[in-house]
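Structural features, examined
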Amino acid sequence: MARKKIREYDSKRLLKEHFKRISGQELPIKSAQIIESTDINELVEKEPWLSSSKLVVKPDMLFGKRGKSGLVALNLDFAEVAGFVKERLGKEVEMGGCKGPITTFIVEPFIPHNEEYYLNIVSERLGNSISFSECGGIDIEENWDKVKTVFIPTGDSLTSENVSALIATLPLEVKGEIEEFLKVIFNIFQDLDFTFLEMNPFTLVNGKPYPLDMRGELDDTAAFKNFKKWGNIEFPLPFGRVMSSTESFIHGLDEKTSASLKFTVLNPMGRIWTMVAGGGASVIYADTVGDLGYAPELGNYAEYSGAPKEDEVLQYARVVIDCATANPDGQKRALVIGGGIANFTDEQKLKEANMHIYVRRGGPNYQRGLAKMRALGEEIGIPIEVYGPEATMTGICKQAIQCITASA
Amino acid sequence: MATGQLFSRTTQALFYNYKQLPIQRMLDFDFLCGRETPSVAGIINPGSEGFQKLFFGQEEIAIPVHATIEAASAAHPTADVFINFASFRSAAASSMSALKQPTIRVVAIIAEGVPESDAKQLIAYARANNKVVIGPATVGGIQAGAFKIGDTAGTIDNIIHCKLYRPGSVGFVSKSGGMSNELYNSIARVTDGIYEGIAIGGDVFPGSTLSDHVLRFNNIPQVKMIVVLGELGGRDEYSLVEALKQGKVTKPVVAWVSGTCATLFKSEVQFGHAGAKSGGDMESAQGKNQALREAGAVVPTSYEAFETSIKETFDKLIEAGKITPVKEFTPPQIPEDLSFAIKSGKVRAPTHIISTISDDRGEEPCYAGVPMSSIIEKGFGVGDVISLLWFKRSLPRYCTQFIEICIMLCADHGPCVSGAHNTIVTARAGKDLVSSLVSGLLTIGPRFGGAIDDAARYFKDAHDRGLTPYEFVEGMKKKGIRVAGIGHRIKNRDNKDKRVELLQKFARTHFPSVKYMEYAVQVETYTLTKANNLVLNVDGAIGSLFLDLLAGSGMFTKQEIDEIVEIGYLNGLFVLARSIGLIGHTFDQKRLKQPLYRHPWEDVLYTK
């Protein structure tokens, strides 16, 4: 559970809904979402402005630099938007080294504008940073020196005093409106447990602030108190990450349990697979395989912790083993079942597979757990090397690599 | 943030949200260290008060339980650590009220998933009021030989193995709780051990940071070197880099930031910890390791080499004569918990209860070895369940049907019999169902309802000894004993009890033998010559027929039959049956909203 990016469509939906609640003012933004299952005719019926105004369409996939990559189309009518979407929906693009299909578009009224303001709020340890610039838009990075930032300590609110450094240079005609706008956005940021919010740019329509482009991140650990305010919120995977059925199965398990179960396939053909207990230790196991130069052979990242129940571990282990054995190619494979010395997780679990298995674990009852693993190895005739806390934690990684290279 | 020691050998904590195991582990650690007072002064369990029994060494102690944080703080003003085992939903609110207690200095939050904005409120409050927050999402921390938070350092075996029962010279801080335990082990292998270890938790914004604790360790004279285990994500390590650069840390620091593997993943991966997210170069493990190395920390080339770096740094301190040798002692033996010792096969203990009729431990409950599902699937009735639970065997259907008939016949006998009357009076006194039921049941005995057993006993005895009805009845008369099962208040020779006829008809049709009933009928024939109303009554019919059931079914040995009659099974049949009626009477009175019953004066003879 952590900071999660949300789609632009959802950012704007939350903004519009709660702008009204918090300020009493209507924010006149409109947006519609198109995904593969969207019925275009139904959408127009629900959002009649789509057929009456000129439109902007862009992918809503958590990546930026869309304008610079030619993925934004301006000043279209709805038929042209539909055509634009049809041409690109499901097509793979490459953004910042990540490849993936475009599955979601956002459509909005086309707003011809002159002013492009930049606004950014980031949650930090001791408060929130709020940044503003009169020179926003796609060249913001070139104009980074014009961005002004103030830091609002936890507990303080945005006042005319502390916001003044951001907007001092604005023309008086717009200053009041923008000050008010910043205050409302800051309130929404805090009220909805945003951890990051960016508008690049927002402009003025009839003298009123109007966000054109928006990015948001929510703290999903706050879901329990915000489920009403957030409504039907989606936390999409980062662009380029498509969850396999096994990954989404574990993801589902993770969401249901009080423990933590993480599983990411890195290379389905990999020959070193891991199933490591503990958030800290799991990272170190992956590091060690990388340090030894066998990162490409690493099949997965897997972590379970927080005292999962026995049947949860069993289901989890089944998935790891299914994935690890899904692509047999005659070469040796290794499963590394590792972990640090547990604080409270009882160590009498785990299951087996058709490969070399390396186990290292310590913690309550570890002697019995490890003895069972050894006995199991003998019983089913699979080589299992078992170590307790007397061995170094990551030593088994080296062994696993020796195993797969010996026969390679 | 405080600047030096947080804990000592006399530190006491308040423990929020009662959890038996972590508290017991704290107390076991206390005992191991030779502490004189337990480290948990009080427990807060919202809404409940009293005491919890826990072990302090061999002895049991009672730790006070309070309903509120305020009450606990007031009762234990010297307890300055608050250990919060609340769920992620309530951890923030309870931690804030703990921080607001003037007597609380350190709050450790175990829950994972505390909202970031809530954690920030706690951080701001703690900073403004010079208090310390450890966590959220942490196992806690330990000062070797002095004080331990919750589950930190795991089992007693591990604590002994890592020599955490006495202070060493190394200050250790990490994000990960699991890894802190691993490092206690590593550090114990290559140095004189831990002085203090803290896991700050895996969240994006921990209540206290790596550098907060490093700076604190720097001020503790007993800490000679500092070991730091960081993690990719966030910029916490950079405040440590700054502190190192500014020369604020004068003791050697050995550091490693894990997560170098993140570069292997093309897109963002959320690792196990919320704060561990592969972000920009600044937040990468490589970037942080490099920055720490440049700032003067000892940074190994990989995690594998971490232990060696720690050893080398410690060995240099020894050469420089900076390490005072640790006074070793053998910690006392902690008595093992019985349940654990039994599990590991070290001891055995006799059980105190034996049970043979049912077992609720498996997938589904079993009655006399028959699982619930087959009881339902085979269409068993109440009679079959009684045969399983009372006689521990499946009796043939005619037998269980006979049992059911007996229950139906005896379920009620109107409101005027003593049992029903008592139940009605009790129900009308406003008592609950169980009180009303048992007040009725308590009248069952030698005069009311107890005759079935007696009838069975006497008929069996007389029949088995071959007494003629004449010998039997006259023998009883001589002894002054009424013949149970014979005689009725209103029924007579010409107007026999319908229930008796029904039972006899059923038995004649289905039972292989009805010899005891025939004997009872012969007795009745004789008694009817003495008086018109000395008919075989329903008790006598059930009693005698039950003897036929036991003997005729061929499923009971002679000893078993004797035992069943002796123990008084048949009385059980009456109690069970009549409970149905008594419950009905209770409901009836309640439904009718009947007032308190008072017997009229006119109906009592007042006399000397």
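Every value quoted in this text rests on a predicted model; they were computed, and no experiment measured them. (Residues numbered from 1 in each chain as written. Chains lettered and ligands numbered in written order. Predicted model: local features only at pLDDT ≥ 70, side-chain atom pairs only at ≥ 80, totals over all residues. Heavy atoms only, no water.)

Observations regarding the overall build of chain B
What chain B contains, in helices and strands, is 23 helices and 16 strands. For chain B, whose C-alpha radius of gyration is 39 Å, the value lies well above the compact-globule estimate of 25 Å for 608 residues. Projected onto the principal axes, the alpha-carbon positions of chain B cover approximately 120 × 55 × 50 Å. In chain B, which comprises 608 residues, the share counted as buried stands at 53%. The contacts of chain B with a sequence gap of at least 6 include a subset with a gap of at least 24, amounting to 73%. If you sum the accessible surface of chain B, you get close to 27,600 Å²; carbon and sulfur atoms cover 55% of it. (Helix = DSSP H or I, 4+ residues; strand = E, 2+ residues; numbered from the N terminus. Rg over C-alpha atoms; globule rule 2.2 N^0.38 Å. Buried < 20%, exposed > 50% of the residue type's maximum accessible area, 1.4 Å probe, protein only. Contact = heavy atoms within 4.5 Å. Areas by Shrake-Rupley, 256 points an atom, 1.4 Å probe, with all protein chains shown as cover.)

What to know about the packing of aromatic side chains
Applying the stated rule across the entire model yields 31 aromatic pairs over all chains. Ring geometry for Phe172(B) against Tyr184(B): centres 5.8 Å apart, planes inclined by 80 degrees, an arrangement best described as edge-to-face. Remark: Tyr184(B) occurs in helix H6 (residues 177–190) and Phe172(B) occurs in strand E10 (residues 170–174); sequence separation between them is twelve residues. A relative accessible area of 0% places Phe172(B) in the buried class. Above the plane of the ring of Phe84(A) lies Arg88(A), whose end atom (NZ or CZ) is 3.8 Å from the centre. (Phe/Tyr/Trp six-rings, centres within 6.5 Å; stacked < 30°, edge-to-face > 60°. Lys NZ or Arg CZ within 6 Å of the ring centre and 35° of its normal.)

Remarks on the sheet that holds strand E12 (residues 225–231) of chain B
Residues and elements named next belong to chain B. Reading across from one edge, E9-E8-E11-E10-E12-E13 is the order of the six strands in this open sheet, with mixed pairing throughout. Whereas interior strands pair on both sides, the edge strands pair on one side only; in this sheet they are strand E9 (147–148) and strand E13 (253–258). For E10 and E12, the ladder comprises five bridges, and the chain directions are parallel. Note on E12: the bridge partner recorded for Ser174 is Leu229. (Pairing = 2+ DSSP bridges.)

Topic: the pairing of strand E6 (residues 98–101) of chain A
All names here are of chain A. Alternating residues of E6 divide into Cys98 and Gly100, all buried, and Lys99 and Pro101, none buried. Note that strand E5 (residues 92–95) and E6 share four bridges and pair antiparallel. Along E6, the bridge assignment pairs Val93 with Gly100. Between E5 and E6, which pair antiparallel and follow one another directly, the connecting turn spans two residues, one of which, Gly96, has a positive phi of 50 degrees.

Let's talk about the confidence of the model for chain B
When pLDDT is averaged across chain B, the result is 92; 97% of the residues are at 70 or more. The ipTM for the predicted assembly is 0.87, set against a pTM of 0.81. (pLDDT = per-residue confidence, 0-100.)

Topic: the sheet that holds strand E14 (residues 260–265) of chain A
Residue and element names in this part refer to chain A. Strands sit in the order E14-E16-E15-E17-E18-E19 across an open sheet of six strands; the sheet is mixed. Looking at which strands have only one partner, the edges of the open sheet turn out to be E14 and strand E19 (384–387). Ignoring which end each strand starts from, the neighbouring axes of this sheet average 10 degrees apart. Sheet analysis places strand E15 (residues 272–277) next to strand E17 (residues 334–339), joined by six bridges and oriented parallel. Directly across from Ala277, in E17, lies its bridge partner Gly339. Here helix H9 (residues 279–291) sits on the sheet in contact with E15, strand E16 (300–305), E17 and strand E18 (356–360), set at roughly 160 degrees to E16. (Axes fitted to C-alpha atoms, helices over the stretch in contact; angles between N-to-C directions.)

What to know about the interface of chain B and chain A
Quoted interface sizes are often the accessible area lost when the parts come together. Counting residues at the interface gives 63 residues for chain B and 61 residues for chain A. Summing the contributions of chain B and of chain A, the shared interface buries around 4,700 Å²; its carbon and sulfur component is 56%. Along the contact surface separating chain B from chain A lie four salt bridges. With its nearest N and O atoms 3.9 Å apart, the salt bridge here joins Asp212(B) to Arg125(A). It is helix H4 (residues 116–128) of chain B that contributes the most residues to the side of chain B that touches chain A, eight residues altogether. Its residues assigned to classes, the side of chain B that touches chain A comprises 21 nonpolar, 24 polar and 18 charged. (Buried area = accessible area lost by both parts, 1.4 Å probe. Salt bridge = Lys/Arg side-chain N within 4 Å of Asp/Glu carboxyl O. Nonpolar A, V, L, I, M, F, W, Y, C, P; charged D, E, K, R; others polar.)

Here we look at the domain arrangement of chain A
Residues and elements named next belong to chain A. Once the domains are mapped, chain A shows domain 1 (3–29 + 113–230), domain 2 (32–109) and domain 3 (245–406). Between the C-alpha centres of domain 1 and domain 2 there is a distance of 24 Å. Contacts between the two partners involve 13 residues from domain 1 and, on the opposite side, 14 residues from domain 2. When the two sides are added together, the surface that domain 1 and domain 2 hide from each other amounts to roughly 1,100 Å², 47% of it contributed by carbon and sulfur. The largest share of the area that domain 1 buries against domain 2 comes from Arg7, Glu8 and Tyr9, three residues that together contribute 50% of it. The interface formed by domain 1 and domain 2 holds five salt bridges in total. Applying the counting criterion to the domain 1 and domain 2 interface returns nine residue pairs in polar contact (both at pLDDT 80 or more). At the level of elements, strand E1 (3–6) and helix H1 (8–23) are the ones that each hand at least two residues to the side of domain 1 that touches domain 2. Looking at the side of domain 1 that touches domain 2, the element that brings in the most residues is H1, giving three residues. (Domains from an automatic or database assignment. Polar contact = N/O pair within 3.5 Å; in protein donor to acceptor, adjacent residues only side chain to side chain.)

Comments concerning the domain arrangement of chain B
Taken domain by domain, chain B holds domain 1 (12–320), domain 2 (358–401) and domain 3 (411–592). A straight line from the C-alpha centre of domain 1 of chain B to that of domain 3 of chain B covers 73 Å.

Some points on the side chain of Lys288(B)
All names here are of chain B. Considering the arrangement of structural elements, one finds Lys288 in helix H9 (residues 285–294). Take Lys288: its relative accessible area is 0%, and that puts it in the buried class. If near-sequence neighbours (up to four positions away) are discounted, Lys288 is found in contact with Glu231, Leu232, Gly233, Gly234, Glu237, Tyr238, Val257, Met282 and Glu283.

Structural notes on the pattern of salt bridges
Tallied over the entire structure, the rule returns 53 salt bridges over all chains. Between Glu8(A) and Lys58(A) there is a salt bridge, and its shortest N-O distance comes to 3.1 Å. Of the two residues, Glu8(A) is situated in helix H1 and Lys58(A) in strand E3 (residues 55–59); the sequence distance between them amounts to 50 residues. Pair check on accessibility: Glu8(A) and Lys58(A) agree, each one buried. A salt bridge links Arg166(B) to Glu328(B); the shortest N-O distance between them is 3.0 Å. One end of the pair, Arg166(B), is in the loop between helix H5 (156–161) and E10; the other, Glu328(B), is in the loop between helix H10 (306–319) and helix H11 (338–343), and 162 residues separate them in sequence. Take Arg166(B): its relative accessible area is 3%, and that puts it in the buried class. Overlapping salt bridges, with partners in common, bring together Glu8(A), Lys12(A), Lys58(A), Arg66(A), Glu108(A) and Asp213(A) in one network.

Overview of the packing of helix H17 (residues 451–464) of chain B against helix H22 (residues 558–567) of chain B
Residue and element names in this part refer to chain B. H22 packs onto H17 with a crossing angle of 140 degrees between their chain directions and a minimal axis gap of 9 Å. As summarised for this structure, H17 and H22 are arranged oblique, according to the angle between their axes. On H22, the residues that touch Asp453, Arg457 and Lys460 of H17 are Ile561, Asp562, Val565 and Glu566. Each residue belonging to the contact of H17 with H22 can be placed in one class, and the counts come to two nonpolar, no polar and five charged. (Parallel < 35°, antiparallel > 145°, perpendicular 65-115°, else oblique.)

As for helix H5 (residues 160–167) of chain A
Residues and elements named next belong to chain A. Those residues of H5 that fall on the buried side of the exposure criterion are Val163, Leu166 and Ile167. Looking down the long axis of H5, one finds its buried residues gathered within 75 degrees of arc, a one-sided arrangement. In this structure, the buried residues of H5 make contact with strand E9 (127–133), strand E10 (148–153) and helix H6 (172–191). (Arc of directions from axis to C-beta.)

Notes on the UniProt feature "domain: ATP-citrate synthase ATP-grasp" (unreviewed entry) in chain A
As recorded in UniProt, the feature "domain: ATP-citrate synthase ATP-grasp" (unreviewed entry) lies at residues 2–230 of chain A. End-to-end, the C-alpha atoms of residues 2–230 of chain A are 16 Å apart, and along that stretch the chain is 32% helix and 32% strand. (UniProt positions renumbered as here; feature names shortened; annotations may be inferred.)

Structural notes on helix H16 (residues 433–441) of chain B
Residues and elements named next belong to chain B. Ser436, Leu437, Ser439, Gly440 and Leu441 are the residues of H16 that are buried. On its buried face, H16 sits against helix H15 (418–428) and helix H23 (569–591). Between the side-chain oxygen of the N-cap and the backbone nitrogen of Val434 there are 3.4 Å, and the N-cap of H16 in question is Asp432.

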